[in-house]
Amino acid sequence: MSRRTNKKRKFPLADPVYNSFLVNLMISKILKSGKKTIAQKIIYDAFDIIEQKTNNQPLKIFEKAIKNVSPAVKIKAKRVGGSTYQVPIEVKKFRAINLGLCWIIQFARTRSGKTIAIKLANEIIDASKGSGNSIRKKDETHRMARANKAFAHFRS
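Residues numbered from 1 in each chain as written. Predicted model: local features only at pLDDT ≥ 70, side-chain atom pairs only at ≥ 80, totals over all residues. Heavy atoms only, no water.

## Here's the deal with the nonpolar core
Here is step 1: Membership of the largest hydrophobic core comes to 38 residues, with the highest contact counts inside it found for Val23, Met26, Ile43, Phe47, Phe62, Leu120 and Ile124.
Here is step 2: No other element matches the 10 residues that helix 4 (residues 93–110) contributes to this core.
Here is step 3: Here isoleucine 124 is in contact with Met26, Phe47, Ile50, Ile61, Phe62, Ala65 and Ile104, once residues within four sequence places are set aside. (Core = buried A, V, L, I, M, F, W, Y, C linked by side-chain atoms within 4.5 Å. Buried < 20%, exposed > 50% of the residue type's maximum accessible area, 1.4 Å probe, protein only. Helix = DSSP H or I, 4+ residues; strand = E, 2+ residues; numbered from the N terminus. Contact = heavy atoms within 4.5 Å.)

## Notes on the side chain of lysine 138
Here is step 1: Mapped onto the secondary structure, lysine 138 falls in helix 6 (residues 133–147).
Here is step 2: It is aspartate 139 that comes nearest to the buried, bridge-free lysine 138 among opposite-charge side chains, at 5.1 Å.
Here is step 3: From its side chain, lysine 138 meets the backbone oxygen of asparagine 68 in a polar contact 3.0 Å long.
Here is step 4: Leaving out residues up to four positions away in the same chain, lysine 138 has contacts with Asn68, Val69, Ser70, Pro71 and Trp103. (Lys, Arg positive; Asp, Glu negative; His and termini not counted. Salt bridge = Lys/Arg side-chain N within 4 Å of Asp/Glu carboxyl O. Polar contact = N/O pair within 3.5 Å; in protein donor to acceptor, adjacent residues only side chain to side chain.)

## With respect to the environment of asparagine 148
Here is step 1: Within the element layout of this structure, asparagine 148 appears in the segment after helix 6.
Here is step 2: Through-space distance from the C-alpha of asparagine 148 to that of isoleucine 75 is 8.6 Å; in sequence the pair is 73 residues apart.
Here is step 3: Once you skip the residues sitting within four places of it in the chain, asparagine 148 turns out to touch Ile75, Gln86 and Pro88.

## Notes on the pairing of strand 1 (residues 73–80)
Looking down a regular strand, the side chains alternate between one sheet face and the other.
Here is step 1: Taken together, the 8 bridges between strand 1 and strand 2 (residues 83–90) define a ladder with antiparallel strand orientation. Each residue of the ladder has a partner; that of lysine 78, found in strand 2, is tyrosine 85.
Here is step 2: Connecting strand 1 to the antiparallel partner strand 2 that follows it, the hairpin turn spans 2 residues, and glycine 81 within it adopts a positive phi of roughly 65°. (Pairing = 2+ DSSP bridges.)

## Let's talk about the packing of aromatic side chains
Here is step 1: With the rule as written, the count across this model stands at 3 aromatic pairs.
Here is step 2: Ring centres of tyrosine 18 and phenylalanine 47 lie 4.9 Å apart, and the angle between their planes is 65°; this geometry places the pair in the edge-to-face category. Of the two residues, tyrosine 18 is situated in the segment before helix 1 (21–30) and phenylalanine 47 in helix 2 (residues 36–54); the sequence distance between them amounts to 29 residues.
Here is step 3: For phenylalanine 47, a relative accessible area of 2% translates into the label buried.
Here is step 4: For the ring pair phenylalanine 47 and phenylalanine 62, a centre distance of 5.3 Å and an interplane angle of 55° mean the geometry is tilted. Taken as a pair, phenylalanine 47 in helix 2 and phenylalanine 62 in helix 3 (residues 58–69) lie far apart in primary sequence, 15 residues in all. Residues phenylalanine 47 and phenylalanine 62 agree in their burial class; the two are buried.
Here is step 5: Aromatic ring contacts, followed pair by pair, group Tyr18, Tyr44, Phe47 and Phe62 into a single cluster. (Phe/Tyr/Trp six-rings, centres within 6.5 Å; stacked < 30°, edge-to-face > 60°.)

## Digging into helix 2
Within an α-helix, residues lying three or four positions from one another point in the same direction, as the helix has 3.6 residues per turn.
Here is step 1: Between its terminal C-alpha atoms helix 2 stretches 27 Å, which fits the 27 Å expected from 19 residues at 1.5 Å a residue.
Here is step 2: Two residues or fewer past helix 2, asparagine 55 is found with a positive phi of approximately 55°. (Expected span 1.5 Å × (residues − 1).)

## Some details on the pattern of salt bridges
Here is step 1: One pass over the structure, following the stated rule, counts 3 salt bridges.
Here is step 2: Across the pair lysine 41 and aspartate 45 runs a salt bridge, and its minimum N-O distance is 3.2 Å. With lysine 41 and aspartate 45 both in helix 2, this residue pair falls 4 residues apart, about one helical turn.
Here is step 3: A relative accessible area of 53% means that lysine 41 is categorised as exposed.
Here is step 4: Residue arginine 111 pairs with aspartate 126 through a salt bridge whose shortest N-O separation is 2.3 Å.

## A short note on the packing of helix 4 against helix 5 (residues 116–129)
Each packed pair of helices is defined by two parameters, the angle between the axes and the distance between the axes.
Here is step 1: Between helix 4 and helix 5, the shortest axis-to-axis distance is 8 Å and the interhelical angle comes to 125°. By the angle between their directions, the pair helix 4 and helix 5 is classed as oblique. Two packed elements cross with a definite hand, and for helix 4 against helix 5 that hand is right-handed. Every residue of helix 5 that contacts helix 4 at Ile104, Ile105, Phe107, Ala108 and Arg109 is listed here: Ile116, Lys119, Leu120, Glu123 and Ile124.
Here is step 2: Class assignment of the residues belonging to the contact of helix 4 with helix 5 gives a composition of 7 nonpolar, no polar and 3 charged. (Axes fitted to C-alpha atoms, helices over the stretch in contact; angles between N-to-C directions. Parallel < 35°, antiparallel > 145°, perpendicular 65-115°, else oblique. Left-handed = near helix turned anticlockwise from the far one by under 90°. Nonpolar A, V, L, I, M, F, W, Y, C, P; charged D, E, K, R; others polar.)

Next comes the structure, spelled out in structure tokens:
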């Protein structure tokens, strides 16, 4: 007999410089092979570039970018009978933020530029303005969900 344990999600602690848990989440997402200090340096360099380019607080621009990129719905493939349907599913707030961060990092890596800090800064600036590849990905996801609204009754 198996028992389900009621696990609480552990939220990351706030980062030391900006005192924001979102920045710490971003550092965790950009992390490669456990090099946290390098990931922190990349994020803080990107924030310095954002501050130079926009003359605004980088944390506010970063939060606005995440808010713009976070999706409200996502598509999940569901097999019913012999066919597979694309079923739109609402996304929880924490998952939406995680998806937004992943998309920002994913599209920052594919951008052209010298360093990852420059690429990341440009992607965050574009996302805060409502343009860029990560915003396009969110719009595409929402468009797919709207197109498949007829299959919403397959939700489980």
